[in-house]
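Each chain, written out:
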Amino acid sequence: MLTGKNRSYLRGEANSLNPIVHVGKDGITESVIEQLDEALEDHELLKVRILESTGRTTRSAAEELATATGSEVVQVIGGIAVLFRQRDEDSNFKL
C-alpha cells in the first residue's frame, strides 16, 4: 500500500513519462493485461492511456487493470492512469 508521500514521489517521477499501454474500444482484454504486466515488470512505473471509446470511466478501468496485474493506481488524470508495481529486487524506486 502506497502512502501519500510515496504517491507524491511517484507522481513526480511519472510526470515525464509517455503512455506505454493504450486501452481502446475493445476494452480490457487478456492481451492488454499481458502487455501491461510485461511493461510493469520492465518499468515498474508507467502511464496507461484509456480511451473514451471503452465506455468506462478512466478510474474504474485503471482499478481493474491494477487488480489484474497486482499493481497500484498512483494517479488518474483525464484519460491517463499511472500504475506502479515495485520489483522485489533491483528496484529503481526506493519507497
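Residues numbered from 1 in each chain as written. Predicted model: local features only at pLDDT ≥ 70, side-chain atom pairs only at ≥ 80, totals over all residues. Heavy atoms only, no water.

The name given to the protein chain in an unreviewed UniProt entry is RNA-binding protein, with the source organism recorded as Halanaerobium congolense.

1. A few points about the pattern of salt bridges
Using the criterion set out here, one finds four salt bridges in the structure. In this structure, Glu41 engages Arg85 in a salt bridge whose closest nitrogen and oxygen atoms are separated by 3.6 Å. Placement of the pair is Glu41 in helix α2 (residues 30-43) and Arg85 in the segment after β4 (80-84), with a sequence separation of 44 residues. Residue Arg85 is classed as buried on the basis of its relative accessible area, which comes to 16%. Overlapping salt bridges bring together Asp37, Glu41 and Arg85 as one network. (Salt bridge = Lys/Arg side-chain N within 4 Å of Asp/Glu carboxyl O. Helix = DSSP H or I, 4+ residues; strand = E, 2+ residues; numbered from the N terminus. Buried < 20%, exposed > 50% of the residue type's maximum accessible area, 1.4 Å probe, protein only.)

2. Some points on helix α1 (residues 4-14)
Among the residues of α1, Asn6, Leu10 and Ala14 are the ones counted as buried. An end-on view of α1 places all buried positions within 65° of arc, on one side of the element. What points out from α1, more than 90 degrees from its buried face, is the exposed set Gly4 and Lys5. Elements in contact with the buried residues of α1: β2 (45-50), β3 (72-77) and β4. (Arc of directions from axis to C-beta. Contact = heavy atoms within 4.5 Å.)

3. Some remarks on the pairing of β4
Within a regular strand, the side chains alternate between the two sheet faces. For β4, the buried fraction is high: five of the five residues fall into the buried class. The side-chain alternation of β4 yields two buried faces, one formed by Ile80, Val82 and Phe84 and the other by Ala81 and Leu83. Across five bridges, the pairing between β2 and β4 is antiparallel. Along β4, the bridge assignment pairs Val48 with Ala81. For β3 and β4, the ladder comprises five bridges, and the chain directions are antiparallel. Paired with Gln75 across the two strands is Val82, which belongs to β4. Here β3 folds back onto β4, and the loop between the two strands holds two residues, one of which, Gly78, carries a positive phi near 60°. (Pairing = 2+ DSSP bridges.)

4. Examining the side chain of Thr54
Considering the arrangement of structural elements, one finds Thr54 in the loop between β2 and α3 (58-69). Side-chain polar atoms of Thr54 contact the backbone oxygen of Leu51, separated by 3.0 Å. In this structure the side chain of Thr54 is engaged in a polar contact, spanning 3.5 Å, whose partner is the backbone nitrogen of Arg56. Setting aside anything within four residues of it in sequence, one finds Thr54 in contact with Val23, Gly24 and Gly27. (Polar contact = N/O pair within 3.5 Å; in protein donor to acceptor, adjacent residues only side chain to side chain.)

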